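# Structural characterization, general
So the chains spell out like this:
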Amino acid sequence: MLGSFLSLAHCMSGDPTNPVPLRVDAVAKHFGAVTAVDGVSFEIAAGACFGLLGPNGAGKSTLIRSIVGRVRLDSGSVSIFGHPVGSSAARADLGWVPQELAVYPLLTCRENLQAFGRYQGLHGKALDDAIAWCLEWAALADRAGSPVRTLSGGMKRRLNMAAGLIHRPRLVLLDEPTVGVDPQSRNRIFEMVEALRSQGTTIIYTTHYMEEAERLCDWIAIIDHGQIIAQGTKETLVARAFGSRSSVTMHVGATRVDLAAWAAARGGTAQDSVVLCSVEKPAEIAGLLEAASGDGLEVLDVTLQRPNLESVFLQLTGKELRA
Amino acid sequence: MIGTILQTSFRSLRRDRGAFVMSFILPIGFFTIFGFVFGSMRGSSTPRVSVLVVDEDHSDASKSLVRGLLREPSLDAMTHPRATKENPAPGDYTAATAEAEVRSGDAPAALIIPAGFGAHPIAFGPGSTQQAKFRILHDSSDPVAAQVVAGMLEKTVMISMPATMAAVGSQYFDREIGGLTPKQRQQMDQGLAALRKRQDQQDAQSAGTGPSAAGPAADSGGLVAVEIQDVVGEKKKSPMISYYAAGVGVMFLLFTASAAGGSLLDESESGALDRVLSARVTMTTLLVGKLTYSALLAFAQLTIMFLWAALVFHLDFFTHIPGFLVMTAITSFAVASFGMLLASVTRTRGQLGAFSTLIILTMSALGGSMFPKFLMSDAMLKVGYFTFNSWAISGYQKIFWRDEPISSLGPEIAVLVGSGVVLFVVARWFARKWEYV
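Residues numbered from 1 in each chain as written. Chains lettered and ligands numbered in written order. Predicted model: local features only at pLDDT ≥ 70, side-chain atom pairs only at ≥ 80, totals over all residues.

## Notes on the overall build of chain A
Quick note on the threshold: Segments assigned H or I by DSSP are reported as helices when at least four residues long, segments assigned E as strands when at least two residues long, and all are numbered from the N terminus. Three classes are used. A residue is buried when 20 or more other C-beta atoms lie within 10 Å of its own, exposed when 12 or fewer do, and partly exposed in between, with C-beta atoms placed from the backbone. Note on contacts: residues are paired as contacts if their backbone-placed C-beta atoms lie within 7 Å.
Along the backbone of chain A there are 12 helices and 14 strands. Here chain A holds 323 residues, and 42% of them are scored as buried. Contacts in chain A between residues far apart in sequence, at least 24 positions, make up 68% of those at least 6 positions apart.

## Focus on helix α12 (residues 309-317) of chain A
All names here are of chain A. Burial within α12 is extensive, with seven of its nine residues counted as buried. Taken together, the buried positions of α12 are L309, S311, V312, F313, L314, Q315 and T317. Considering only its buried residues, α12 is in contact with β3 (49-53), α8 (210-216), β9 (219-224), α9 (234-242), β11 (246-252) and β13 (274-279). Directly beyond the C-terminal end of α12, a positive phi value near 75° is found at G318.

## Observations concerning helix α4 (residues 95-103) of chain B
Residue and element names in this part refer to chain B. Our working rule: As used here, the arc is the angular range of directions from the helix axis to the C-beta atoms.
Those residues of α4 lying buried are A98, E99, E101 and V102. All buried residues of α4 fall inside an arc of 155° around its axis, so they share one side. Of the surrounding secondary structure, the elements contacted by the buried residues of α4 are β1 (49-55), β3 (109-113), β4 (134-139) and β5 (226-232). Backbone geometry just downstream of α4 places G105 in the positive-phi region, at approximately 85°.

## A word on the sheet that holds β5 of chain B
Adjacent strands of a sheet pair through backbone hydrogen bonds, lying either parallel or antiparallel. All names here are of chain B. As a reminder, the rule being used: At least two bridges found by DSSP between two strands are what make those strands a pair. The convention used is that axes are lines fitted to C-alpha atoms, helices contributing only their stretch in contact, and that angles between N-to-C directions extend from 0 to 180 degrees.
Spatially, β2-β1-β3-β4-β5 is the arrangement adopted by the five strands of the open sheet, whose pairing is mixed. Edge positions in the sheet fall to β2 (75-78) and β5, since each of these pairs with one other strand and no more. Neighbour-to-neighbour, the strand axes of this sheet turn through a mean angle of 25°, independent of strand direction. Relative to β2, β1 runs parallel, the two being bridged by four bridges. The residue bridging V51 from the neighbouring strand is A77, located in β2.

## With respect to the interface of chain A and chain B
The cut-off we apply is this: Nonpolar residues are Ala, Val, Leu, Ile, Met, Phe, Trp, Tyr, Cys and Pro. Charged residues are Asp, Glu, Lys and Arg, and all others, Gly as well, are polar.
In this assembly, 19 residues from chain A lie in contact with 13 residues from chain B. Those elements that place two or more of their residues in the side of chain A that touches chain B are α3 (88-93) and α4 (109-119) of chain A. Each residue belonging to the side of chain A that touches chain B can be placed in one class, and the counts come to 10 nonpolar, four polar and five charged.

## Here's the deal with the pairing of β11 of chain A
All names here are of chain A. One ladder, built from six bridges, connects β11 with β13; its direction is antiparallel. Directly across from V248, in β13, lies its bridge partner C277. Bridge analysis of β11 against strand β14 (residues 299-305) gives six bridges, and the strand direction is antiparallel. Bridging from a neighbouring strand, S247 pairs with Q305 of β14.

## Let's talk about the sheet that holds strand β5 (residues 83-84) of chain A
All names here are of chain A. One open sheet holds the four strands; their spatial order is β2-β1-β4-β5, and the pairing between them is antiparallel. Because the sheet does not close on itself, it has two edges, and the strands there are β2 (34-44) and β5. For strand β1 (residues 22-31) and β2, the ladder comprises eight bridges, and the chain directions are antiparallel. Bridge pairing in β2 places V27 opposite V40.

## Some remarks on the packing of helix α6 (residues 153-164) of chain A against helix α7 (residues 183-198) of chain A
All names here are of chain A. The line we're drawing: An angle below 35 degrees is treated as roughly parallel, one above 145 as roughly antiparallel, one from 65 to 115 as roughly perpendicular, and anything else as oblique. Crossings are assigned a handedness: left-handed for a near helix turned anticlockwise from the far helix by less than a right angle, right-handed for a clockwise turn.
Two elements in contact, α6 and α7, have axes whose closest approach is 9 Å; the angle formed by their N-to-C orientations is 20°. For the element pair α6 / α7, the angle class is roughly parallel. α7 is crossed by α6, and the crossing has right-handed handedness. When α6 is examined against α7, the residues G154, R157, R158 and M161 are found in contact with a partner set consisting of S185, R188, I189 and M192. Among the residues forming the contact of α6 with α7, the class breakdown is three nonpolar, two polar and three charged.

## Some remarks on the nonpolar core
Just so we agree on the cut-off: Residues enter a nonpolar core if they are buried, belong to Ala, Val, Leu, Ile, Met, Phe, Trp, Tyr or Cys, and are joined to the set through C-beta atoms within 7 Å.
F50 of chain A together with V51, A109, A110, L111 and V149 of chain B are the most contacted members of the largest nonpolar core, which totals 176 residues. In this structure A109 of chain B touches V51, V102, I136, L137, H138, A145, A146 and V149 of chain B, once residues within four positions along its chain are discounted. With nine residues, the next largest nonpolar core counts M250, L259, C277 and A292 of chain A among its residues.

## Some points on the packing of helix α12 (residues 349-367) of chain B against helix α14 (residues 388-400) of chain B
Residues and elements named next belong to chain B. Packing of α12 against α14 brings their axes to within 7 Å, and their N-to-C directions diverge by 40°. It follows from the interaxial angle that α12 and α14 lie oblique. Considering only the axes of α12 and α14, their crossing is right-handed. Residues M363, S364 and G367 of α12 touch α14, and the partners they reach there are F388, N389, S390 and I393. When grouped by side-chain class, the residues that make up the contact of α12 with α14 number three nonpolar, four polar and no charged.

Okay, here's the thing in structure tokens:
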């Protein structure tokens, strides 16, 4: 799967008539002594939904802002459908939905879409058609004349997304589009993203919700300390991190035992009072419990589960995604 | 509980630098600026009144009077324009040139000493029909100047012409009482000679030392006949309406422009600015758009202000529309650029509020928006040249008060447009902070 994804991207990048939607090449950005992005490279194939995950402070926001041309890079380059980021052609092909509600609160939905459409160079019938499509896509047609400040949180999020897609870009960057919305609105946003995918739009999706990445993304990259530390499909990431093993999560009571050393001795990790190990077979849990008891650890509860992206993320970064 | 509320409030205030500055530093800063400006007005609690003096009599008495006026500390009297490289020895003012200076706003008043003054300089009692009348030509937008000049004229006549006073008094005595004995006449003539000698010595001394401190003004109540003529605005109803429409209008325009420029800070905060700049909009385009909006808003505000002045205070608005349009366009552009600069040099709404309040109130005070220019000292007037308010008021006064043509607005156009362009360029330079990180 990994090979097919990359080969597809490379194959397309070599074709000047059908360039790669996004190529990030050795991008680096420093803020004083802090390295925000450290030589990141990747490509995205046409029509893919690329999930970008990373803990807070990992460099994700700087990388996103580099892709939309809002960062002066120290080195490296970003191109969108073969055009350097920031160029007129690249701006036309890229739609950005920032995680902030970057709309005008006193304007109506329609007026916001008009404004952002014009900023993208749309006029006349093309603009009217784009507004109609956006209102329909975001299920806001019946609130077109409502000022933004009167909308619910979910509606504002959908308008925020629509404003980024008013010019129907071929590559869309959705930066945590479901932050602060209720489950019903989140489902509606999933449907909007899936509708985009079905139309062949290439998507970059960042989120703090692992289930969103699992549901929507067919390629996932994990960034930490300014570097891409792993990327692939969900299955390949899990297999690479855990093989065929299942993860065991043990919560233990207060102890004077060096929990990290205890977990490391069993091929696992520990953070605070949580020990994360893996077992090939469920029966091996008994051995872990016996060892814990023998070393004076009070096990409060034990969970056995097939590894998922959350497990991979925790394994690779040592942090909860939503921490 | 109250202690916690106090602690929380003070901590919040301390961490909101804009509000903190507004609360403590701003009043001190504002006071300090005024202290420096007004503190420099030493020696006189009121500014000197400029007056052009024209001597049409050329008699000893009129020359003596002119010298007395030149000595008068509360007047800035001039008999001729200041020497320049082009004209190192300018001739004396005539009635016509002095009137032209008053009409153009270069001086608030001119005093014409009439021919025949020396023959009948002052009048004791009624029936002095031979006495020639002084004329004071003045710009009625400065209601103080003419009254001050008239009062100082009376004073100067009293203290600068003792011999003349005594001689005229003697004539009055002869006429009303029946004359003096030969011995009394001889003593009187000796006394008059001594007075003339003292008057000459005083004149010679003042020629070397210039204005000297004099005693308090004597209100003799009609020793000289004075006719005050309005040469500017004689048919206008309210001289200060256009002044304050411009002055107050520009002050609030500056606040409006600052707030309009602040929308950049709001959009930066909300992320909308990032989104706009990631579209096909450049920072220069964005700033020009914001500048245009701010300028149009300012234009509308000033238009409404002057229409209101026309409606309520009968300002003659509709016969001055071309000049109004020119002044309003350039003023709006300049203040809009100023608003862009304020927004681009600050980082938060709090900073913008504190910074703009300090600068705008200071500019308004020094530029004449808060109190009339004729009450200001020369030093303050010079400082006022660094404010938009002063130039805008000057331009509107030319149009509405002096009925001058648009071509006379050259200095105002040059300053307001030039400074607007410079401020916008500087604002664009500071706005680089929003372009990239």
